[in-house]
Amino acid sequence: MATLPQIAVLEAGIFVKTQYIPRLAEISHLFCLKYIWSRSEESSRGAVEIAKQHFPGVECKWGDQGLNDIVQDSSLIGTAVVLAGQVQVDISLKLLKAGKHVIQEKPAATSIPEIETALASYKSVCTNPGQPIWAVAENYRFEPAFVESKKLVAGVGDMMNVQVIIEGSMNSSNPYFSSSWRRNFEGGFILDMGVHFIAGLRMMVGCEVTSVSAITSHIDRTLPPPDIISSNFKLENGCSGVFVMVVSSSSPKIIWRVVGSKGTVQVERGEVDGKHGYLVSLYCADGQCKSTFHPFCGVHEELKFFIHDIVQANLKGNGYEAEPRSSFVEGARDVAVLEAMLESGSKGGTLVNVKKF
C-alpha cells in the first residue's frame, strides 16, 4: 500500500477550526495531517485537540522554532497556509523554497506590488514550471453553482449586461468582525471579502475585467474605510456591468446576474432545508425559469484537488499541470480587479485599467 502524503496546516484560528479541520477530515483517507502550527503554543494545542478526533497522530508546532521544523521536515510534501493576509506570501515563499507544495488562503496578496514581487520570487524557486505548486484557496471557483452557471451563461446568447450585488453581514455578531489584520491593510474587508465575489464573477462570465470606474464611501464607522463600493466595469468581450458591495447590511443579499440575448443566468446565495448554498436560476426567453440549489462544498473541493495535485506532481514530476482554478495567478487576478476599483474610488471615479497577470 502506498504511503499517504504528509501535510501541515499553518495557523490555528477560527477558519482552521471550523472549516479546514472538518473539510480535511472528509478526505482523511487521502493524506496524513502531521502538524498544526501557530504562533502560540496555546492556539496550536487548541486546534490539535479538535483535529485529533480525525487525525490521531497530529502534532503541535508553534513559534519560530516550530516553523523552522516544518520548513526543514523533508517528509512533508504539502502545507496549507491560513495566516493573516500581510504575512501569507512571505511564509508561502519560504515553504516553496524548501520544495513544499503550498495552498495559501485568499487573498493571494494585499497589493499589486506584492503580487509582482511574489511572482518573480516564485519563478526563481521553481525547479520546473509550476513546481512546486503554489495554489490559492479560492473556494468560490470550486463551488458547483459557479461551475454550472458558467456552462449556462455560454447558452444565453450574446452577453448584454452583468450585475453583482453584495449586501454583506460583517457586523459585531460575525466571528471575523474583530479580526485585526483585516483592519490593518488598505482595502480591509472590501479586499478580503471582495476577492470571493470577483472570483465568482470571473468564473461565470469566462473572461477578464479590463477596466473599472468606481465610487467608494465610508458609512459604518465600526468598519475600516471604505465599506461601500459601487463600480462600473468593462469585460474583455465588450460587455459592461456593475459591481456593488456593502460590507455590512441589515438585510444581507448576494447575487450575480448575467443578462444574455436569449436568457438570463442568476446565482443567489441562500438557504434550503437548513443548508446554506447557492440557487442557480436560468430565465429562458419563453418566460420559463429552471432553478437548482447547490449546498456549499467549495472548501472541500479545493482541498481535495490540492491533495490530488501534490500526489500527482510527486509521482509524475516534470510536466504535471495542477488544477488551474487554484493557481496563484488566478488569485492575483481577483486582487487586481479590486485594487483597480479601490484606486478608482480614491480618485473620484477615474477610469482605471486592471493590471494583467
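Residues numbered from 1 in each chain as written. Predicted model: local features only at pLDDT ≥ 70, side-chain atom pairs only at ≥ 80, totals over all residues. Heavy atoms only, no water.

As annotated in an unreviewed UniProt entry, the protein chain carries the name Gfo/Idh/MocA-like oxidoreductase C-terminal domain-containing protein and comes from Gossypium tomentosum. The annotation that UniProt attaches to the protein chain under Sequence similarities (unreviewed entry) is "Belongs to the Gfo/Idh/MocA family." (UniProt positions renumbered as here; feature names shortened; annotations may be inferred.)

Engineer: Would you explain the overall build of the protein chain in this entry?
Structural biologist: Per the secondary structure count, the protein chain includes ten helices and 15 strands. Against the globule reference of 21 Å for 357 residues, the protein chain gives a C-alpha radius of gyration of 20 Å, in line with a compact fold. Summarising its shape, the C-alpha atoms of the protein chain cover approximately 55 × 45 × 45 Å along the three principal directions. Sorting the 357 residues of the protein chain into buried and exposed places 54% on the buried side. If you take every contact in the protein chain between residues at least 6 apart in sequence, the share linking residues at least 24 apart comes to 68%. Carbon and sulfur atoms form 52% of the exposed surface of the protein chain, whose accessible area is close to 15500 Å². Side chains of the protein chain give 33 positive and 37 negative charges; the mean places of these two sets differ by 3 Å. (Helix = DSSP H or I, 4+ residues; strand = E, 2+ residues; numbered from the N terminus. Rg over C-alpha atoms; globule rule 2.2 N^0.38 Å. Buried < 20%, exposed > 50% of the residue type's maximum accessible area, 1.4 Å probe, protein only. Contact = heavy atoms within 4.5 Å. Areas by Shrake-Rupley, 256 points an atom, 1.4 Å probe, with all protein chains shown as cover. Lys, Arg positive; Asp, Glu negative; His and termini not counted. Charge placed at Lys NZ, Arg CZ, Asp CG, Glu CD.)

Engineer: Sorry, what's going on with the sheet that holds strand E1 (residues 6–10) here?
Structural biologist: The strands making up a sheet associate through backbone hydrogen bonding, with each pair oriented either parallel or antiparallel. Overall, parallel pairing links the six strands, which are arranged E3-E2-E1-E4-E5-E6 in an open sheet. In the strand order of this sheet, the two ends are held by strand E3 (59–62) and strand E6 (134–137), each with one partner. The average undirected angle you get between the axes of adjacent strands in this sheet is 20°. Together, E1, strand E4 (76–81), strand E5 (101–105) and E6 form the strand contacts of helix H9 (residues 298–316), whose direction differs from that of E5 by roughly 160°. (Pairing = 2+ DSSP bridges. Axes fitted to C-alpha atoms, helices over the stretch in contact; angles between N-to-C directions.)

Engineer: Mind showing me how you'd approach the packing of helix H6 (residues 144–153) against helix H8 (residues 188–205) here?
Structural biologist: The contact between H6 and H8 brings their axes to 7 Å, and the two run at 40°. Between H6 and H8, the angle falls in the class oblique. Here Phe146, Val147, Ser149, Lys150 and Val153 of H6 lie close against H8, whose contacting residues are Gly200, Met203 and Met204. (Parallel < 35°, antiparallel > 145°, perpendicular 65-115°, else oblique.)

Engineer: Looking at this model, I keep getting lost on the pairing of E4. Mind explaining?
Structural biologist: Two faces make up the sheet, and in a regular strand the side chains alternate between them. Taken across its six residues, E4 has six buried, putting it largely inside the fold. Here E1 runs beside E4; their pairing, made up of five bridges, is parallel. Bridge pairing links Val9 to Ala80 in E4. Taken together, the four bridges between E4 and E5 define a ladder with parallel strand orientation. In the strand pairing of E5, Gly78 is matched with His101.

Engineer: Would you explain the sheet that holds strand E12 (residues 263–272) in this entry?
Structural biologist: Taking strand neighbours across the sheet as the criterion, the nine strands line up as E14-E13-E12-E11-E7-E10-E9-E8-E15 in an open arrangement whose pairing is mixed. The sheet is open, and its two edges are formed by strand E14 (289–295) and strand E15 (352–353), each paired on a single side. Bridge count for strand E7 (residues 159–169) against strand E10 (residues 240–246) is seven bridges, and the pairing is parallel. Counted as the bridge partner of Ile166 is Met245 from E10. Contacts between helix H10 (residues 328–346) and the sheet are confined to strand E8 (209–217), strand E9 (228–235), E10 and E15, with E8 contributing the most and set at about 50° to the helix.

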